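# Observations on chain architecture
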Amino acid sequence: MTTSATSGTGPADPSGPTENSMRRALKRARDGVALDASEAAVLLQARGEHLDALTASAARVRDAGLEAAGRPGVITYSKSVFVPLTRLCRDKCHYCTFVTVPGKLRRAGHGMFMSPDEVLDIARKGAALGCKEALITLGDKPEDRWPEAREWLDAHGYDDTIAYVRAISIRILEETGLLPHLNPGVMTWTDFQRLKPVAPSMGMMLETTATRLWSEPGGPHHGSPDKEPAVRMRVLEDAGRSSVPFTSGILIGIGETYEERAESLFALRKVSRAYHGIQELIIQNFRAKPDTAMRGMPDAELDELVATVAVARHIMGPSACLQAPPNLVDAEYERLIGAGIDDWGGVSPLTIDHVNPERPWPQIDELAAKSRTAGFELRERLCVYPEFVRRGEPWLDPRLRPHVAALADPETGLAREDAVVEGHAWQEPDEAFTATGRTDLHATIDTEGRTSDRRDDFDEVYGDWGALREAAAPGMAPERIDTDVRAALATAADDPAKLTDDEALALLHADGPALDALCKVADDVRRSVVGDDVTYIVTRNINFTNVCYTGCRFCAFAQRRTDADAYTLSLDQVADRAQQAWEVGAVEVCMQGGIHPDLPGTAYFDIARAVKERVPGMHVHAFSPMEVVNGATRTGMSIREWLTAAKEAGLDSIPGTAAEILDDEVRWILTKGKLPTATWIEVVETAHELGIRSSSTMMYGHVDQPRHWLGHLRTLAGIQQRTGGFTEFVTLPFIHTNAPVYLAGIARPGPTPRDNRAVTAMARLLLHPHIPNIQTSWVKLGTEGAAEMLRSGANDLGGTLMEETISRMAGSSYGSYKSVKDLIAVADAAGRPAKPRTTLYGPVPEERQRAARDSDGHLPELLPVLD
C-alpha cells in the first residue's frame, strides 16, 4: 500500500490504513517497542482519537528524555538574527522564494552578497538586543551558476563562497560575540574542516529521501543538483565524521508518500546513531508561496505536522531534540508541544524569516506564555545544543571555546541569562608546544607498554559499533574467482602492465604453488628493474603528539589530552631528537602526529623550521595528507598555498600515509573523520606538482578484500603516471591487537602470511614500471617476515626508525629500532646485499655513512621525562 502524503488526505482517505493496523501500530508505540518503516507510515496517517493517542505516547517519550537530560519541563529556543548572506543559488527548487537572480538584486540596489558592513550591522543590533546566534543562510554554490557571483567573490578576494562564509564568521565572532550557525547548503568533507573552526554548529535540511521528487520532471527538486537525496545524506555523514554539531530535518507535504516520509525519518535516525552528531531535527510543514511553481499546492495541514512530529519522536527516541518552526503553525503551539517537540528553533526580535518572509516570528513573551500554558518553561539555548556544549572536544574547536563559554551556563549548557554579548578575539590556543604528558613513550612503549588496551570512551567515540558491523559485513564476504590463474601468471611473466583486472584479482587470491609462482615472477621483475640491492635508510621517527580526536577506528595511537598515555613534545624536544639522530648518521627524520585540536595550522611550519634550524642538512619527511588538510583548513589557506608555505619552512617530502585503503566503502568503516579518497589524491597530486615528493602506502588486512587492494594499487599507478612523484610503495599490514575496530569484533586479526606475500608480489607487478621501489615493514612483520617479502618482490626495508610508537601502541611486538647491522642481516637472510639510501633513493654521502657505522647499535640519548 502506497498512500499520498500531500495535504488533505485526512482520516477519511479510502486508501488509508486499516483500523487493525492503526491499533497495532499505536500499541507498539505506546509500549515503547521499536517501530519499523511500515508501522511509522501507518502512524503518520493517525487522525482524531488515534492522533491523540499517538501524541500522548510521543509526549511521554519526550518527557523521559528531558528528565534524563536534567531539564524536565523545559522547552528551548535560540534568540537569533537571520543573515541572508546571498540569495543567489545554483538550484531551482519549485517552492522557494528565498532565491532570486542577479538582475533583481541589482534593481533593488543590493549586491550579489551582503557586504561585511551589512552583516555586522545586523549582528551588532542583534547583540544589543541580547541575541546570541547569527543564522547565516545562503544559496548553494552561486558562483557555479551566476558569473556575477563569481565576479563579486573575485573582486573581494575570496576563492569561493565558503571562504567568504568563513571570513564573515570570524568577524561576527570577534566584533559582535554572536555565535555563527552556518547553513551554506551542500558541503564537502573539506568544507566542514574549513568552517568548523569558525562556527560551533551548522545545518542543512535533508528534506526527503524520495529520489523521484528530484529525478522526475515536475518534481519539486527537479533541476537542483544539490537536492539529490544521496548527496544530502553524504553531507550528513560528513558532518558526523567531522564531529560537527549538525541540524537537519524534513520538509513535509511536497508530494512525498507516507512511506517516503517514514523512510526519511529512518535515514536521519541511522545517521544520528552512527555518528551521534545530529543535534536537532526540524519538522517543517510546506507552505505554498506566490510566484513559485508550487503556488497551487495545498499547504501541509496541521494534523499532518502534528502526526509527523509524534512519529519522529518515537523513531528518534527520548534523547533527540525536535523542533517545529513556530511561525508556520498559526499559533497552534500547544498541539506541537503535545506531539513531542522540545524546541522552537531560532526566534528573532530583529530580523524576519527570509525563507518564509510572509510568516512573522512570534514575540518571545508570547511564545513563553504559550509554553507555560502547556506546562513548560521557555529557556534560551545557544545555536549549539547543550549536550554538545558539555561534550566539548572534539565537537567544539578550541578556538571557539572562549566564545561559547562566554555565553553558556557551564552546568546546563543553556544560554546564560546574564551573559554579555560582546566580541572576543578568534585566535589559536596559547602555548601550543608546551611539552606535556608521557613524553618518554617512544622509549617506555618497549619496556612498560601502554597503560590499557583501549580508551575509556571506547563505546562512544568511534560511532555506533552495531551499524559498523552491518556496513562491514559485505566487505568481509569471500569472493569466488573463476579466472585461470595459470593464464594470469603467464601474462604477469610476459608483461605485468598487461594484466587485466580479472587476472590481477585471480593472482591476489593465489595460494599454494600458484602463490609461490607469483612471488617468483614478482622477484624476477624486481631484479630486472632495481637489481639485487636491498636498500635502507638511517632515519628517526618523531611523533610529536599523540593527542587526536579524529576517531580512526583502526588507530591505537590516538589519545585524548587527559589520557594517561597522551603526550605532546615541545619544539625544542623535536629539534633535540633530530639533532641526536643526525649525530648517529641519520639522513632523514619522519615526523607525523595526531590531529591535536590545540595545534594551530601553522604549527607544522614551526616543526619543520625547528628541525632545519637545528640540523640544516636533515631531510624533513613529514606530515601526512590528513595533517596537510588540517593545516590548510585551520589557516584558511588552500592546500596548494599551505604546501608552498610548508616547503618554504623546510618541508622536503611527505609520507603517503593516511591512505589506508583508497576506497570510501572501506575508509568509512575504518575511520570516523579522516579525509576521503578524493581529498587524499588532491593533496598528493598537489604536492607532486609543487616538487614535493611522497611515498605511497596501503594498510590492509582489516575489513578489506583483494578487490579493494586492486583498486587501491590501480589508483596509485594512475597518480604516478600523471605526476611521477611517488618515491616508493610501502606495504602496511594491519596490526590488530589494540585496534578499536578489532576489539569491537569487526575487523580481521590482520593479514595472513599468504596475504602479505600476495600483496607484496602484486604491488611489484601492478605498479610496474611506474613505482620501482617496494618497501616492506620490519616493524610490522619482524625479521623473518620482512626477509620473506624481499623474496616476494620487495627491494627496500625502510629505516632504522630509532623510535616507533604508532605500531607499538597498536600491539606490534617487533620493537622500535633496528641497527644498520640488523637491517643488513635481514637482507642477508634473503640472500641479497644491502645498501644505504636517501629519502629520494639517492646515494648517501660518505660522511653520513661513516657516522652511521661509528654509532651503529647505540640509540640516541633518551630525552628526560617531563617533571
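A few words now on the overall build of the protein chain. A count of helices and strands for the protein chain gives 35 helices and 21 strands. For the protein chain, the residues scored as buried account for 63% of the 867 residues in total. Looking at the protein chain alone, contacts between residues at least 24 apart form 78% of all its contacts between residues at least 6 apart. When the accessible surface of the protein chain is split by element, carbon and sulfur atoms take 50% of a total near 31,300 Å².

On to the confidence of the model for the protein chain, then. Taken over all residues, the pLDDT of the protein chain has a mean of 89, while the share at 70 or more is 88%. Segment residues 6–13: pLDDT under 50, and 15 contacts once partners within four positions in sequence are set aside and those in other chains are kept. Between residues 862–867, whose pLDDT stays under 50, and residues either more than four places distant or in other chains, the model counts 13 contacts.

Quick look at the layout of surface pockets now. There is about 810 Å³ of room inside the second largest pocket. Surrounding the second largest pocket, 43 residues form its lining, His276, Gly277, Glu387, Phe388 and Arg391 being those nearest its centre. Of the residues assigned to the lining of the second largest pocket, the class counts are 17 nonpolar, ten polar and 16 charged.

Moving on: the packing of helix H25 (residues 625–635) against helix H26 (residues 639–649). In the contact formed by H25 and H26, the axes pass within 9 Å of each other and the chain directions differ by 105°. Considered as vectors, H25 and H26 are oriented roughly perpendicular to each other. Of the residues in H26, those touching H25 at Val628, Val629, Gly631, Ala632 and Thr635 are Ile639, Trp642 and Leu643. Considering only residue class, the contact of H25 with H26 consists of six nonpolar, two polar and no charged.

Let's shift gears to the environment of Arg722. Relative to the assigned elements, Arg722 resides in helix H29 (residues 706–723). Classification of Arg722 by relative accessible area gives exposed; the value is 55%. Considering only alpha carbons, one finds Arg722 and Glu685, 37 residues apart in sequence, at a separation of 8.4 Å. Not counting chain neighbours up to four residues away, the residues in contact with Arg722 comprise Ile681 and Glu685.

The next subject is the environment of Thr412. The topology assignment puts Thr412 in the loop between helix H16 (401–405) and strand S10 (436–437). Of the residues examined, Thr412 reaches a relative accessible area of 28% and is grouped as partly exposed. Between the alpha carbons of Thr412 and Glu387 there is a distance of 8.6 Å; along the sequence they are 25 residues apart.

The next thing to look at is unusual backbone geometry. Look at the link from Glu393 to Pro394: it is a cis peptide, with omega at 5°. Positionally, Pro394 belongs in the loop between helix H15 (386–391) and H16. Backbone torsion omega between His768 and Pro769 reads 0°, so that peptide bond is classified as cis. Along the chain, Pro769 falls in the loop between helix H31 (753–766) and strand S19 (774–775).

For helix H20 (residues 485–494), the complete set of buried residues consists of Ala488, Leu489, Thr491 and Ala492. All buried residues of H20 fall inside an arc of 160° around its axis, so they share one side. Within H20, the exposed residues directed more than 90 degrees away from the buried face are Arg486, Ala493 and Asp494. Against the buried residues of H20 lie helix H21 (501–508), helix H22 (512–530) and H31. Where H20 begins, the capping side chain belongs to Asp484, and its oxygen is found 2.8 Å from the backbone nitrogen of Arg486.

Conventions adopted
- Residues numbered from 1 in each chain as written.
- Predicted model: local features only at pLDDT ≥ 70, side-chain atom pairs only at ≥ 80, totals over all residues.
- Heavy atoms only, no water.
- Helix = DSSP H or I, 4+ residues; strand = E, 2+ residues; numbered from the N terminus.
- Buried < 20%, exposed > 50% of the residue type's maximum accessible area, 1.4 Å probe, protein only.
- Contact = heavy atoms within 4.5 Å.
- Areas by Shrake-Rupley, 256 points an atom, 1.4 Å probe, with all protein chains shown as cover.
- pLDDT = per-residue confidence, 0-100.
- 1 Å grid on protein atoms, 1.4 Å probe; cavity = no way out; pocket = protein on both sides within 12 Å on 5 of 7 lines; lining within 4 Å.
- Points joined across faces, edges and corners; volume = space filled by probe spheres on them.
- Nonpolar A, V, L, I, M, F, W, Y, C, P; charged D, E, K, R; others polar.
- Axes fitted to C-alpha atoms, helices over the stretch in contact; angles between N-to-C directions.
- Parallel < 35°, antiparallel > 145°, perpendicular 65-115°, else oblique.
- Arc of directions from axis to C-beta.
- Polar contact = N/O pair within 3.5 Å; in protein donor to acceptor, adjacent residues only side chain to side chain.

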